[in-house]
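Reading the structure
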Amino acid sequence: MRIGKVLEYARHWKSTAKEVVGHSVLFAQFLSLLHLTDAYIFSPTLAHGPSMLPTLNLTGDVLLVEKLSPLLGKVAPGDVVLVRSPVNPRRAIVKRVVGMEGDTVTFLVDPGRSDRSQSLVEGENQFL
């Protein structure tokens, strides 16, 4: 009788273990897909601040950042892009593309700061 109970317990444990492994594999596949999607296709981000008014709210908007266009060279003037802040590289800022490589862009330079200006991030009023 004891051997019968042990075999019955082993069969029950085996089916439970198969079910747990099956769910674990499904969960691992989901996490892998989530990572690939977030790293290479699109990811959500929070954008807040006054520089993109009235397109984005001052209090903050959640944006879905699509990551394939820059890789394929499909960025055009008028697009809203997410770029690294030159002041704090750990921070990302949201800006609108004004011109592309080879375009001539004219803007008024603050005379007091014109010696430091190499490029300008529109909306931040900061010369880089």
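Below is a short write-up of the structure.

Conventions we followed
- Residues numbered from 1 in each chain as written.
- Predicted model: local features only at pLDDT ≥ 70, side-chain atom pairs only at ≥ 80, totals over all residues.
- Heavy atoms only, no water.
- Helix = DSSP H or I, 4+ residues; strand = E, 2+ residues; numbered from the N terminus.
- Buried < 20%, exposed > 50% of the residue type's maximum accessible area, 1.4 Å probe, protein only.
- Contact = heavy atoms within 4.5 Å.
- Areas by Shrake-Rupley, 256 points an atom, 1.4 Å probe, with all protein chains shown as cover.
- Polar contact = N/O pair within 3.5 Å; in protein donor to acceptor, adjacent residues only side chain to side chain.
- Patch = residues over 30% accessible without salt bridge, like charges linked within 9 Å, V, L, I, M, F, W, Y side chains within 5 Å.
- Salt bridge = Lys/Arg side-chain N within 4 Å of Asp/Glu carboxyl O.

Along the chain, the regular secondary structure elements total two helices and six strands. Each helix and strand of the chain, ordered N terminal to C terminal, gives the series α-β-β-α-β-β-β-β. Within the chain, the proportion of its 128 residues that are buried is 12%. In the chain, the share of contacts with a sequence separation of at least 24, taken over all contacts with a separation of at least 6, comes to 31%. Looking at the chain as shown, the accessible area adds up to about 10700 Å², and 61% of this sits on carbon and sulfur atoms.

With that settled, the discussion passes to unusual backbone geometry. In this structure, the amide linkage connecting L53 to the following residue, P54, adopts the cis form with an omega of 0°. Position of P54 relative to the elements: it lies in the loop between strand 1 (42–47) and strand 2 (61–66).

Let us look at the side chain of S43. Inspection of the secondary structure puts S43 in strand 1. By relative accessible area, which is 10% here, S43 ends up buried. A polar contact of 3.5 Å, which involves the side chain of S43, links it to the side chain of K67. When neighbours within four sequence positions are excluded, S43 is seen to be in contact with D38, L63, L64, V65 and K67.

A surface patch of nonpolar side chains, amounting to about 830 Å² of accessible area, comprises L36, Y40, I41, F42, L64, L68, L71 and L72. If you list the elements that add at least two residues to the nonpolar patch, you get helix 1 (2–41) and helix 2 (68–72). With respect to the secondary-structure elements, L72 resides in helix 2.

The residue K95 is located in strand 4 (residues 92–96) in this model. For K95, a relative accessible area of 7% corresponds to the buried category. Residues K95 and G78, spaced 17 residues apart in sequence, show a C-alpha to C-alpha distance of 9.6 Å.

Honestly, that's just the spatial picture; any functional story needs more than this.
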